[in-house]
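Chain residues, written in single-letter form:
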Amino acid sequence: WLTLAPDITWANFGVDGGDLITAVVTRGNPHPSGYPLYLLVGYLIETLPLWPIALRFNLLSALAMAGAAGCIAALAQHTMSQKTATLPPHPAVAIATGLTFAFTTLIWGQAVITEVYGLFILCSALYLYALLTQKPAWLTGLFLGLALTSHLTGLLFVPLALILLPKKQLAPFSGGLLLGLLPFALLPWLSTAATPVAWGNLDTFQGWWWLVSSQIYRGYAFSLPPAFWLPRLVEWGIQLLAQFTWAGIPLMVAAFFLVKAEQRKLYGLLLTTAVFYIILAFFYNTDDAIIFTLPAWLLLSLLLLPALQRLGWIALILPLALLLLNFQANNLKNDTLIRAQAQSLLVAIPDRAIVETPGDPTIFTLWYIIYAEGQRPDIIPVDSDLFAFDWYRDRLQELYPELKGLEHDDLAIFRERNNTKRPYCFASLAQVQANAAYSLTCREIDLSVLHLPKN
């Protein structure tokens, strides 16, 4: 709460926030995989009496990550309470384990913005808790299914259940998994015709499958060019090694030797799963790929337990150090930069203009301002990247029947046929280090080339 972003933000790879919030408020469906659980929970969060609307959804991430930290602490306490434990359970150690997870910079960074990862990590933590504390198999499957509706990378958690659950429990586990996946089937009914955020054509099975299977993003998996391997290894190596501070590595190594022999199989399974998540993220060819390592920190925080247990109260030093080291970097309480730039842009746009945008950051922000908050409803935002999709042009036609040239993926024709009755503008928002910039050109008149507020 102290470090929560107060408004819409692009910090910590939070560009998708505008898409997610607008999808909830206008009853649409966001980018693949559609995130139906996020939509359902978002309908409740939307009713909170907080302003701006984005603050409500930033809070959802904080609550979800806090819940995940609680699950880790509870699982640590349960593990220390087992009859096979060599040391008595220590509440400070359980708290230290949960807070160590919470205060890693990547986890904290996602806890203070609008994104799907908070809910995904909460469902994943509930899955691990149910699996490792031997709760009913159907419940374990349910939490895994819900995790998958929050992010498809939850598939990497499936082998843990297949290996650890007795064969006779796989049937109820599968039943619970299908129940947890049920929100995907609700997507066509969660989307209304009045929303501008309608990814895919949910009227057909092919369109539904395109959305829920994230076909649009498959090309990014394991496609990082070899020329980028070494630079990413250097950049990520520093960040990943610092997640638990530099003491994390020796503590992890010590934990491996301290864990009892009969528990090393479980330790190895959790470690292997964490490594797979890191490998998947490393070779994923996007700028925000490091966020895919979040489940790894969920798992690795549990693997610190044998070492932290030997420290007793001293174990609290680790999360305290993380708190002090990471507080300022993750403190977004004064982050109103994107709001200021979006408002300045809206003031400069002529009445009833068609505004062409160059991709996700600008169009998602304008969606939020125009459709979620209801500002400047006279503006028609049209994104040049999304224009290539038939479903996007079809939705534009439904919302704005007066638009011409939407039959084909040809922006030149669209511009030519729509620049007489309305002003036609090109607008772009861009974050430049600690500042933001916007450009706006309408027809032949350059209204504002660049605007950089003082930091």
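These numbers were taken from a predicted model, which means no experiment stands behind them. Counting starts from 1 at the beginning of each chain's written sequence and moves along it residue by residue. Two thresholds apply to this predicted model, a pLDDT of at least 70 for residue-level local features and 80 or more for giving and counting side-chain atom pairs, whereas whole-chain, interface and lining totals are computed over all residues. Based on all heavy atoms of the structure, the side-chain values leave hydrogens and waters out of the count.

Enquirer: Would you mind showing me how to read the pairing of strand β2 (residues 380-383) here?
Expert: Within a regular beta strand, the side chains point alternately toward one face of the sheet and then the other, so they alternate between its two faces. Judged by which residues are buried, β2 turns out to be covered on both faces: Ile380 and Val382 on one side and Pro381 and Asp383 on the other are all buried. Should DSSP find at least two bridges between two strands, the strands are regarded as paired. In this text, helices come from DSSP runs of H or I with a minimum length of four residues, and strands from runs of E with a minimum of two, each type numbered from the N-terminal end. For strand β1 (residues 354-357) and β2, the ladder comprises four bridges, and the chain directions are parallel. Bridged to Val355 within β2 is Pro381. Handedness of the crossover joining β1 and β2 through helix α18 (residues 360-372) is recorded here as right-handed. The buried label goes to any residue with under 20% of its type's maximum accessible area, the exposed label to any with over 50%, and the partly exposed label to all in between, with areas taken from a 1.4 Å probe on protein chains only. Orienting the strands away from the viewer, one traces the path from the first strand over the helix to the second; a clockwise path indicates a right-handed crossover.

Enquirer: What is the right way to look at the side chain of Thr133 in this model?
Expert: Residue position: Thr133 is located in the loop between α6 (117-132) and α7 (137-150). Residue classification places Thr133 among the buried positions, given a relative accessible area of 9%. A 3.5 Å cut-off defines polar contacts: any pair of N or O atoms within that distance qualifies, except that in protein one atom must be a possible hydrogen donor and the other a possible acceptor, and neighbouring residues in sequence count only when both atoms are side-chain atoms. A distance of 2.4 Å separates a polar side-chain atom of Thr133 from the backbone oxygen of Tyr129. In this structure the side chain of Thr133 is engaged in a polar contact, spanning 3.3 Å, whose partner is the side chain of Lys135. Residue contacts follow a heavy-atom distance rule, with two residues in contact if any of their heavy atoms lie within 4.5 Å. Beyond its immediate chain neighbours, meaning those up to four positions away, Thr133 contacts Leu75 and His78.

Enquirer: What's the story with a nonpolar patch on the surface in this structure? I'm lost.
Expert: A grouping of Leu241, Trp246, Ile249, Val253, Phe256 and Phe257 is seen on the molecular surface, where their side chains present a nonpolar patch of about 620 Å² in accessible area. Here the nonpolar patch gets four residues from one element, more than from any other, and that element is helix α12 (residues 248-258). Assignment of secondary structure puts Val253 in helix α12. For Val253, a relative accessible area of 44% gives the class partly exposed. Grouping into patches uses exposed residues only, defined as over 30% relative accessible area, and leaves out salt-bridged ones; the cut-off is 9 Å for like charges and 5 Å for nonpolar side chains (Val, Leu, Ile, Met, Phe, Trp, Tyr). For the area figures, the Shrake-Rupley method with a 1.4 Å probe applies, and any residue is considered shielded solely by the protein chains shown. Any Lys or Arg side-chain nitrogen located within 4 Å of an Asp or Glu carboxyl oxygen qualifies as a salt bridge.

Enquirer: Explanation requested: the pattern of salt bridges in the structure shown.
Expert: When charged atoms on two side chains of opposite charge get close, those side chains can pair. Following the criterion strictly, the structure yields nine salt bridges and no others. Between Asp7 and Arg339 there is a salt bridge; the shortest N-O distance is 2.7 Å. Of this pair, Asp7 sits in the segment before α1 (17-25) while Arg339 sits in helix α17 (residues 337-348); the two residues are 332 residues apart in sequence, bridging distant segments of the chain. The exposure class assigned to Arg339 is buried, which follows from its relative accessible area of 14%. Linking Glu398 and Arg395 is a salt bridge whose minimum nitrogen-to-oxygen distance equals 3.2 Å. Linking Glu398 with Arg395, this pair stays in helix α19 (residues 390-399), spanning three residues, or about one helical turn. Judged by relative accessible area, Glu398 falls into the partly exposed class, the value being 48%. Arg395 sits in the buried class, given a relative accessible area of 14%. Salt bridges here are not isolated pairs; linked through shared partners, they connect Asp7, Arg339 and Glu373.

Enquirer: How should the packing of helix α2 (residues 36-45) against helix α9 (residues 170-190) be read in this particular structure?
Expert: Angle between the axes and distance between the axes: these two values describe a pair of packed helices. Their axes nearest at 8 Å, the elements α2 and α9 cross at an angle of 60°. Classed by the angle they form, the pair α2 and α9 counts as oblique. In contact with Pro36, Leu37, Leu39, Leu40 and Tyr43 of α2, α9 contributes Pro183, Phe184, Leu186, Leu187 and Leu190. Three classes are used, and their members are as follows: Ala, Val, Leu, Ile, Met, Phe, Trp, Tyr, Cys and Pro are nonpolar, Asp, Glu, Lys and Arg are charged, and the others, Gly among them, are polar. Partitioned by chemical class, the residues of the contact of α2 with α9 number 10 nonpolar, no polar and no charged. Lines fitted to C-alpha atoms define the axes here, with helix axes fitted over just the stretch in contact, and angles between the N-to-C directions of these axes take values from 0 to 180 degrees. Any angle that falls under 35 degrees is termed roughly parallel, while one over 145 is termed roughly antiparallel, one within 65 to 115 roughly perpendicular, and all others oblique.

Enquirer: Before we go on, may I ask you to explain the environment of Ser124 in this structure?
Expert: Here Ser124 is to be found in helix α6. When its relative accessible area of 0% is taken as the criterion, Ser124 is described as buried. Between the alpha carbons of Ser124 and Thr79 there is a distance of 18 Å; along the sequence they are 45 residues apart. In this structure Ser124 touches Ala147, Phe157 and Leu298, once residues within four positions along its chain are discounted.

Enquirer: Please explain the layout of surface pockets as it appears in this structure.
Expert: Take a probe with the size of a water molecule and roll it over the atoms, and the empty space left behind shows itself. Using protein atoms alone on a 1 Å grid, points that fit a 1.4 Å probe yet trap it form a cavity, whereas open point sets bounded by protein on both sides within 12 Å along at least five of seven lines form a pocket; residues with an atom within 4 Å of a point count as lining. Grid points are joined across faces, edges and corners, and a volume is the space filled by probe spheres set on the points. Quantified by volume, the largest pocket comes out at close to 1,300 Å³. What lines the largest pocket is a set of 42 residues, and nearest its centre among them are His151, Ser214, Tyr217, Tyr284 and Phe292. Secondary structure elements with two or more residues in the lining of the largest pocket: α9, α10 (205-212) and α18. Of the residues belonging to the lining of the largest pocket, the class tally is 29 nonpolar, seven polar and six charged. Forming the walls of the second largest pocket are 35 residues, and the residues nearest its centre are Thr79, Gln82, Leu132, Gln263 and Leu266.

Enquirer: Teacher, can you tell me more about the nonpolar core here?
Expert: A general tendency of soluble globular proteins is for nonpolar side chains to be buried together. Definition used in this section: a nonpolar core is a set of buried Ala, Val, Leu, Ile, Met, Phe, Trp, Tyr and Cys residues joined via side-chain atoms within 4.5 Å. The biggest cluster of nonpolar side chains holds 149 residues, and the ones touching the most others in it are Tyr38, Tyr127, Phe157, Leu187, Trp199 and Phe414. When residues in this core are grouped by element, the largest group, 15 residues, is from helix α3 (residues 53-80). Not counting residues within four places of it along the chain, the set of residues in contact with Tyr127 comprises Thr140, Phe143, Leu144, Phe157, Val158, Leu160, Ala161 and Phe173.

Enquirer: Even after reading the chapter, I still don't get the environment of Phe327, so can you show me in this structure?
Expert: With respect to the helices and strands, Phe327 occurs in the loop between α16 (317-326) and α17. Sequence-distant contacts of Phe327, that is, excluding residues within four places in its chain, are made with Thr3, Trp108 and Leu322.

Enquirer: It is not clear to me how the state of the cysteines should be interpreted in this structure. Could you clarify?
Expert: A covalent bond between the sulfur atoms of two cysteines is referred to as a disulfide. For this text, the term disulfide refers to a pair of cysteine sulfurs within 2.5 Å. Across all of its chains, the model carries one disulfide by this definition. Covalently, Cys425 is tied to Cys442 through a disulfide, its sulfur atoms 2.1 Å apart. On the sign convention where negative is left-handed, the bridge of Cys425 and Cys442, at about 105° about the S-S bond, is right-handed. Here Cys442 lies in strand β4 (residues 435-442) and Cys425 lies in strand β3 (residues 424-432), a separation of 17 residues in the sequence. The two residues Cys425 and Cys442 agree in class, both being buried. Here Cys71 stays unpaired: no disulfide links it, and the sulfur of Cys123, its closest cysteine neighbor, is 9.6 Å away. The class for Cys71 is buried, based on a relative accessible area of 11%.

Enquirer: I keep staring at the side chain of Asp7 and nothing clicks. Help me out?
Expert: The exposure class assigned to Asp7 is buried, which follows from its relative accessible area of 7%. Apart from residues no more than four positions distant in its own chain, Asp7 is found in contact with Pro52, Ala54, Asn58, Arg339 and Tyr368.

Enquirer: What is the right way to look at empty space enclosed by the protein in this model?
Expert: Using the criterion set out here, one finds two cavities of 30 Å³ or more in the structure. If you add up the space inside the largest cavity, you get close to 40 Å³. Put simply, the parts of the chain that give the lining of the largest cavity at least two residues each are α18 and α19. Considering every element that reaches the lining of the largest cavity, the biggest residue donor is α19, with four residues.

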